[in-house]
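What follows is each chain in one-letter form.
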Amino acid sequence: MYYTLIIASLQKSEHYQIYRSERIYGKWRESRPVFRNPPATTLHPALSPQEDYLYFASDHPGGYGGMDIYRCRIYPDSVGVWENLGPEINTAGDELYPYIYTNQTIYFSSDGHPGMGGLDIFQATFTHSGAWEVSSMGYPLNSHGDDFDIRFKGSREKGILCSSRNNKQGYINLFEFEIPSFYIFMEGYVKDTEGNLISSGEIHIAGPDGLNEKILISGNGYFRFPLQPGKEYTVMASAEGFINQPVTFYTNEKEEDERCLIDFVLTPLPYPVSFPVILHDFDSDNIQPESRETLAEITEILKTYPFVSLEITSHADRHGKVAYNQKLSERRAKHVKRVLIEAGIEKERISMKGYGQQIPAEITESVLISGGKGENKVLLTPDFILLLDKEKQEKADQLNRRTEIRITNYQHGLF
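Owing to the predicted nature of the structure, the values given are computational and were not obtained by experimental measurement.

Procedures and definitions
Residues numbered from 1 in each chain as written. Predicted model: local features only at pLDDT ≥ 70, side-chain atom pairs only at ≥ 80, totals over all residues. Heavy atoms only, no water. Helix = DSSP H or I, 4+ residues; strand = E, 2+ residues; numbered from the N terminus. Rg over C-alpha atoms; globule rule 2.2 N^0.38 Å. Buried < 20%, exposed > 50% of the residue type's maximum accessible area, 1.4 Å probe, protein only. Contact = heavy atoms within 4.5 Å. Lys, Arg positive; Asp, Glu negative; His and termini not counted. Charge placed at Lys NZ, Arg CZ, Asp CG, Glu CD. Expected span 1.5 Å × (residues − 1). Arc of directions from axis to C-beta. Pairing = 2+ DSSP bridges. Axes fitted to C-alpha atoms, helices over the stretch in contact; angles between N-to-C directions. Core = buried A, V, L, I, M, F, W, Y, C linked by side-chain atoms within 4.5 Å.

Caption draft 1: Quick look at the overall build of the protein chain. What the protein chain contains, in helices and strands, is four helices and 30 strands. The C-alpha radius of gyration of the protein chain comes to 30 Å, more than 25% above the 22 Å expected for a compact globule of 415 residues. Dimensions of the protein chain, computed from the C-alpha atoms along their principal axes, are close to 95 × 60 × 40 Å. Counting across all 415 residues of the protein chain, residues that qualify as buried make up 42%. Of all intrachain contacts in the protein chain linking residues separated by at least 6 positions in sequence, the fraction that spans at least 24 positions is 51%. The averaged location of the 57 negative side-chain charges in the protein chain is 5 Å from the averaged location of its 42 positive side-chain charges.

Quick look at the structure:
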């Protein structure tokens, strides 16, 4: 028997090492360490099918990252040299819990390969070219929690694994699984409006029985996810700098192989997360004429993208008492919200808050300097404004009498 022994020292540090024991005539012999004076931590031992190699995880110096997976040959009274399984398997993250199904197929857990979150379970197959080909086991074997230590029972249809899924405290539970005899999955690519593949982003899937999962888009824009027969799914593709695109579809009720091909084409955001500011009149919640046009443009964008939620934050200048300015900023926020609702934007999509004069505007100097020179950023605090001439003081105060609109969510009403 090979196992990991954790030795705690008086300094409360923990030392992990692999030990070995033999059972003879119904009794276990005294265990002993497999490696004499190892230069690093060793843990998670796993034997090859012929029991001639020991696979394990270690943070041995000179590896590819945190914990790497190694192997060594087993002899009657000793072990051979350590062999790192190489960069196809090991990453800058941690690779742990090796499980050797055959000499050509191993399973392990990693937080360095692209996955769904935390530790994910991966399969590595040794190819004819002499390299390991690594692929994620995908959902539902993987989740947003930590998933690790997979074991198959006989053929690769049933087994058990450890996972912290659906546990807010992060506790580990043992799960049983069975792989169906038929396969239903969706797959496709995520592109922009120019036809270029989007290499970073995620696919959000919601479906029956509380399914609510996210998977990362691979480097070539490709995604793949298993589904169940006869179910309705809502799927959304998202990437930074683009408007999310949702789609809803049904799978076939028959228990037979099915491929749902979906290609997402994402439109670039017309604005970044924050829109241009809305300016107000002095001591009033009235919106200035040029800002009314800006607010109308923002309203049309929000109508075009009904899955966007937003936050309204309003502010006041340095004039007046603090308590009065707080109420004034709240009036401004309510006014902007009312304009949006009257234009057809659902109130459930809008949150708001007034900050009074607590948060001065941050601008570049060119906003105050004629000719557009000076790109240093400055805060329009009362002390800074008093250093300006009268004309620039009035302009700075006007910039503080503002409402800001910021996108907070791209999936309102979807999940």
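Caption draft 2: Focus on helix α1 (residues 289–304). In this model α1 runs 23 Å from its N-terminal to its C-terminal C-alpha over 16 residues, within 8% of the 22 Å that 1.5 Å per residue would give. Taken residue by residue, α1 has S291, T294, L295, I298, T299, I301 and L302 as its buried positions. Projected down its long axis, α1 carries its buried residues within an arc of 160°, all on one side. Pointing more than 90 degrees away from the buried face of α1 are the exposed residues P289, R292, E293 and T304. Contact partners of the buried residues in α1: β25 (278–279), β26 (309–314), α2 (322–342) and β30 (402–409).

Caption draft 3: Structural context of the sheet that holds strand β27 (residues 350–354). Across the sheet, four strands lie side by side as β25-β30-β26-β27; this open sheet has mixed pairing. Both edges of this open sheet fall to β25 and β27, since each of them pairs with a single strand only. With six bridges connecting them, β26 and β30 associate as antiparallel partners. In the strand pairing of β30, E311 is matched with R406.

Caption draft 4: Highlighting the sheet that holds strand β22 (residues 245–250). Pairing in this open sheet of four strands is antiparallel, and the strands run β19-β18-β21-β22 from one edge to the other. Unpaired on one side and paired on the other, β19 (212–216) and β22 mark the two borders of the sheet. Averaged over all pairs of adjacent strands, the angle between their axes in this sheet comes to 20°, without regard to strand direction. Where strand β21 (residues 232–238) and β22 come together, six bridges link them in antiparallel fashion. Following the sheet pairing, V235 is matched in β22 by V247.

Caption draft 5: Examining the nonpolar core more closely. Ranked by size, the top nonpolar core spans 25 residues in total, and within it M186, V190, I203, I205 and F264 carry the most contacts. Broken down by secondary-structure element, the contributors of at least two residues to this core are β17 (184–192), β18 (202–206), β20 (222–226), β21 and β24 (264–266). If you look at the next biggest cluster of nonpolar residues, it comprises 20 residues, including I278, L302, Y305 and I405.

Caption draft 6: Structural view of the environment of G117. On the secondary structure map, G117 appears in the loop between β11 (105–110) and β12 (120–126). Spatially, the C-alpha atoms of G117 and Q228 are 22 Å apart, while their sequence positions differ by 111 residues. Each residue touching G117, except ones within four places of it in the same chain, is listed here: S143, H144 and G145.

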